[in-house]
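Geometric and topological summary
So the chains spell out like this:
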Amino acid sequence: MLSRVADSIYWLGRYLERAENYARFIDVNFNLMLDLPGDLEEQWEPLVMATGDDALYRSKHAAFNKKEVMHFLAFDTDNPNSLISSVTFARENARIIRENLSKETWEKLNETYHFVKRGAEKREWMKEDPRGFFESVKCQILLLYGLADNTVARTEGWYFRQLGQFLERADKTARILDVKYHILLPSTDEVGTPLDFLHWMALLKSVTAFNTYRRLYGNIDPARVVEFLLLNKYFPRSVFYCLKEAESCLKKITGSNGSGYSNSSEKAIGELRSRLEYDDVTEIIQRGLHEYLEHLLVKTNFISDRINENFFQIKDTFANQISTQG
């Protein structure tokens, strides 16, 4: 597969996952605001911080109010990570490699792109209740995943898209967990109160984990929530599960078998996956969850850089070789 094609497929997976995450974050936070007591300040700032774009937001806005945050995260084209930017970039990458997609996948992605554009034209962020819009975006992207699952052959292209999707998912799960645990963590007096429960419930819903968590663990317990979202081996949005699947995709792409690694990206992701596999949540919290998650995000970005170096810059190296030989 040409490296430029692999690059577009990989980023198609990342941008779709990013858009679905943003739609879900906003929807869950809006529902949380409806449930909070009226005398509490709305908590939209942590949502921006969870995306890692707080510096850009502060350069454009003086306060973190609901409408400005929703516009920034969903419809601001100056924000390269906004929902509308992510869907636009996903569609452009899909257009470039359209012959590698099924007809149904392309049509649904194109439909989703125009739906989001109409949402921007209708100024959805100004509406009293925009939840229907964000719910529709989530459902359309999940439908795209379903179409891909059932219409795309499991070749290199499939594994590059899955690789992008799972790396993006691991990054966003770690970010939202970090923000909740260290910015929204209640005072000692609030631990165990309905307010505390609402915040932890919102965190779990932000990664579509609430119902699964309750079935496995029952009562809300911060340490168990951390363990579930970081280390669970079976939940498809836990950081460990995402890294394990991303590593499997890499090995399918390179044809690696058994233990060991064939390039620097496989080495980096194998080291990180192995660490999470044997980490203990009690020790993580004792050493400092924030520091642990910061290290995790740095390592995830490092893996992304190595993937780019191993697979997508090959065309530049090849071009330079031809130029030198000529």
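The following refers to the structure shown. (Residues numbered from 1 in each chain as written. Predicted model: local features only at pLDDT ≥ 70, side-chain atom pairs only at ≥ 80, totals over all residues. Heavy atoms only, no water.)

**Considering the overall build of the protein**
A tally of regular secondary structure across the protein gives 16 helices and 0 strands. Counting all 326 residues of the protein, 52% fall into the buried class. When the accessible surface of the protein is summed, it comes to about 15,300 Å², and 49% of that surface belongs to carbon and sulfur atoms. (Helix = DSSP H or I, 4+ residues; strand = E, 2+ residues; numbered from the N terminus. Buried < 20%, exposed > 50% of the residue type's maximum accessible area, 1.4 Å probe, protein only. Areas by Shrake-Rupley, 256 points an atom, 1.4 Å probe, with all protein chains shown as cover.)

**So, the pattern of salt bridges**
The final tally for this structure, using the stated rule, is 27 salt bridges. Notably, a salt bridge pairs Lys60 with Asp78, separated by 3.3 Å at the nearest N-O pair. Of this pair, Lys60 sits in helix α3 (residues 54-60) while Asp78 is found in the loop between α4 (66-75) and α5 (83-96), placing the two residues 18 residues apart along the sequence. Residue class for Asp78 comes out exposed when judged on its relative accessible area of 54%. (Salt bridge = Lys/Arg side-chain N within 4 Å of Asp/Glu carboxyl O.)

**Quick look at the nonpolar core**
One finds Leu83, Leu163, Leu229 and Leu230 to be the most contacted residues of the largest nonpolar core, which totals 102 residues. Of all the elements, helix α1 (residues 3-35) adds the most residues to this core, at 16 residues. In this structure Leu229 touches Thr173, Leu177, Leu203, Leu204, Val207, Ala209, Phe235, Arg237, Ser238 and Val239, once residues within four positions along its chain are discounted. (Core = buried A, V, L, I, M, F, W, Y, C linked by side-chain atoms within 4.5 Å. Contact = heavy atoms within 4.5 Å.)

**Details of the environment of Tyr241**
As for its position among the elements, Tyr241 is in helix α12 (residues 239-254). If near-sequence neighbours (up to four positions away) are discounted, Tyr241 is found in contact with Phe166, Asn232, Lys233, Tyr234, Phe235 and Pro236.

**Digging into the packing of α1 against helix α9 (residues 194-206)**
The geometry of α1 relative to α9 is characterised by a closest axis approach of 9 Å and an angle of 160° between their N-to-C directions. Classed by the angle they form, the pair α1 and α9 counts as roughly antiparallel. Handedness of the crossing formed by α1 with α9: right-handed. In contact with Arg24, Phe25, Val28, Leu32 and Asp35 of α1, α9 contributes Leu198, His199, Ala202, Lys205 and Ser206. Grouping the constituent residues of the contact of α1 with α9 by class yields 5 nonpolar, 2 polar and 3 charged. (Axes fitted to C-alpha atoms, helices over the stretch in contact; angles between N-to-C directions. Parallel < 35°, antiparallel > 145°, perpendicular 65-115°, else oblique. Left-handed = near helix turned anticlockwise from the far one by under 90°. Nonpolar A, V, L, I, M, F, W, Y, C, P; charged D, E, K, R; others polar.)

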